[in-house]
Amino acid sequence: MTRRVAILISGGGSNMVRLVESMAGDHPARPVLVLSNRPGAGGLARAEALGVPTAVVDHTRFPDRESFEAALDAALAPARPDILCLAGFMRVLSEGFVGRWAGRILNIHPSLLPKYRGLDTHARALAAGDEAHGCTVHEVTAALDDGPILGQARVPVEPDDTPGTLATRVLAAEHRLYPAVLRRFAAGDTTPVRLP
Ligand code: GRF
């Protein structure tokens, strides 16, 4: 059975584009919606250009997380997604929302979890003098950046790296990792993907 994937974004959507482009041919999933919490997110136009339906649920128009997430549910329902992929989605989701999607919601985080949960991961890896950094795709649970790991990609830290150069190298690895994890996850296999 083809799995129906909704992708949640807040920005440019480069990960979303790679996920959408990967779901073709004998891939067990297909994109059914790209949803953004920001009306101006550049990824919305990229999704439309790829022929994927889009939706916006502007979080600034809701008084609290609960009403925002009820609107998320309402926007997602018509697409009947089986899997949610958070891809640069910059809102923290409540335990209630995550619980409704338990086992069916993924996120990509720009560090080798469990190292560097939260923000500014590249600067923190450089400050720590790490020789390797990378990204992780994990199942989303109520605890931030803490669910079961479904894949990781490692990148070397170069001596002259800045947070920006390291972020660029990690983003390229994200674009390889997330599609590989989604294909395996959509086929019902949660064996972690390791790249390289
Ligand atoms: C990436 O840096 C990723 O690590 C983080 O948010 C950013 C998403 O970028 N989760 P994009 O919107 O997919 O281009």
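Structure's up top.
Residues numbered from 1 in each chain as written. Predicted model: local features only at pLDDT ≥ 70, side-chain atom pairs only at ≥ 80, totals over all residues. Heavy atoms only, no water.

## A word on the environment of V137
Part 1 of the reasoning: By the element assignment, V137 lies in strand β6 (residues 132-139).
Part 2 of the reasoning: Along the chain, V137 and E174 lie 37 residues apart, while their C-alpha atoms are 8.6 Å from each other.
Part 3 of the reasoning: In contact with V137, other than residues within four places in its own chain, are L106, N107, I108, I149, L150, G151, L177, Y178 and V181. (Helix = DSSP H or I, 4+ residues; strand = E, 2+ residues; numbered from the N terminus. Contact = heavy atoms within 4.5 Å.)

## Overview of the nonpolar core
Part 1 of the reasoning: Counting residues in each nonpolar core, the largest one holds 35 residues, and the members touching the most others are V5, I7, M16, C85, L106, Y178 and L182.
Part 2 of the reasoning: Discounting chain neighbours no more than four positions away, the residues touching C85 are V5, A6, I7, L8, L19, L106, Y178 and L182.
Part 3 of the reasoning: Grouped together as the second largest cluster of nonpolar side chains are 21 residues, L35, A71, A79 and I105 included. (Core = buried A, V, L, I, M, F, W, Y, C linked by side-chain atoms within 4.5 Å. Buried < 20%, exposed > 50% of the residue type's maximum accessible area, 1.4 Å probe, protein only.)

## Considering helix α1 (residues 14-22)
Part 1 of the reasoning: Those residues of α1 that fall on the buried side of the exposure criterion are S14, N15, M16, V17, L19 and V20.
Part 2 of the reasoning: For α1, the secondary structure elements touched by its buried residues are β1 (3-9), β2 (29-36), α2 (42-49), β4 (83-86), β5 (105-109) and α6 (163-186).

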